[in-house]
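Spelled out, the chains give:
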Amino acid sequence: MPAEVSSASHSSPALTERQEARRRRILHASAQLASRGGFDAVQMREVAESSQVALGTLYRYFPSKVHLLVATMQAQLEHMHGTLRKKPPQGATAAERVAETLMRAFRALQREPHLADAMVRALTFADRSVSPEVDQVSRQTTMIILDAMGLEDPTPQQLSAVRVIEHTWHSALITWLSGRASIAQVKIDIETVCRLIDLTAPEEPARRR
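Description of the structure in this document. Since this is a predicted model, take the numbers as computed values, not measurements.

Here we look at helix α5 (residues 65–86)
Here's step 1: Helix length check: α5, at 22 residues, gives a terminal C-alpha distance of 32 Å against a target of 32 Å (1.5 Å per residue), a fit within 8%.
Here's step 2: Measuring from the side-chain oxygen of the N-cap residue of α5 to the backbone nitrogen of V66 gives 3.3 Å; that N-cap residue is S64.

Laid out in C-alpha cells, this is it:
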C-alpha cells in the first residue's frame, strides 16, 4: 500500500492491513464526532471508544486531536478525489475544470459545516509537529488540481500556480466558515485565481512565427 496513503502520524513503515483498518475506523469516528459537534466534540477518549481501540493505541497513531483532525481532512479529500475521478469536470479549459473541481469539493464540505470547521481549525492550530499530516493534505489537494488540469508532469511555473490556487481555496474556506464570504464570492475568487493556469501554460511551437 502506498506510504503516502497508509502512513501513520509520522514517518514510519507502511501499516499492515489490520493496522490500516484500525486507522480507518479511527478516522471515521473522528469525522462522525466532528460532523455532529465540530472541533470541541472530538475528544480523544470518545474517538477511542467509538473506534473500539485502546486510548493508548489511539495516541500512538495520532499524538493529539490536531494530528487526528488534519489526518481526517486528508482522508476526506482522498474520498473526494475518488468521487471526482468517477465524474471528471467537464470544463473546456484547464482553468475551468479546476474551478469546477474545487467548487464541487467546496460544496461537499459545505454539506458538513461542523466537520469542515473542525478540520480547518485543526489546520490553523497545527504546529511543526503536525507537518507530516499537513503535507499530506497539501499533496492530496495538489493531486486533485493536477488531475483536473490533466497534467502528469507540470512545469515549476504550473506547480507555483497550483500552490497559489491551494492557498486561495483554503483561505476561501476559512472566510466562508467565519461568515465573512458568501458562496457566490467564493466562486468568483476560485474562478479568478484559476486563471493563473492559463498564464503558466507552456507556449505551443505553433505560435512561433
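That shown, we press on.
Brief notes about the environment of A31
Here's step 1: Tracing the backbone shows A31 in helix α2 (residues 17–37).
Here's step 2: Each C-alpha atom, one on A31 and one on Q90, is 30 Å from the other, the two residues being 59 residues apart in sequence.
Here's step 3: Contacts of A31, omitting those with residues within four sequence positions, involve T72, Q76 and L115.

A word on the pattern of salt bridges
Here's step 1: A complete count under the given rule lists 3 salt bridges for this structure.
Here's step 2: A salt bridge links D147 to R85; the shortest N-O distance between them is 2.9 Å. On the criterion of sequence distance, the pair formed by D147 in helix α8 (residues 131–149) and R85 in helix α5 is long-range, its members being 62 residues apart.
Here's step 3: Accessibility expressed as a relative area gives 53% for R85, which makes it exposed.
Here's step 4: Between E100 and R104 there is a salt bridge, with its nearest N and O atoms 3.7 Å apart. Separated by 4 residues within a single helix, E100 and R104 lie in helix α6 (residues 94–110), roughly one turn from each other.

Description of the nonpolar core
Here's step 1: If you look at the biggest cluster of nonpolar residues, it comprises 59 residues, and the most contacted ones within it are V98 and C194.
Here's step 2: Ignoring anything within four residues of it in the chain, the contact list for C194 reads A95, V98, A99, L102 and I165.

Conventions used here
- Residues numbered from 1 in each chain as written.
- Predicted model: local features only at pLDDT ≥ 70, side-chain atom pairs only at ≥ 80, totals over all residues.
- Heavy atoms only, no water.
- Helix = DSSP H or I, 4+ residues; strand = E, 2+ residues; numbered from the N terminus.
- Expected span 1.5 Å × (residues − 1).
- Polar contact = N/O pair within 3.5 Å; in protein donor to acceptor, adjacent residues only side chain to side chain.
- Contact = heavy atoms within 4.5 Å.
- Salt bridge = Lys/Arg side-chain N within 4 Å of Asp/Glu carboxyl O.
- Buried < 20%, exposed > 50% of the residue type's maximum accessible area, 1.4 Å probe, protein only.
- Core = buried A, V, L, I, M, F, W, Y, C linked by side-chain atoms within 4.5 Å.

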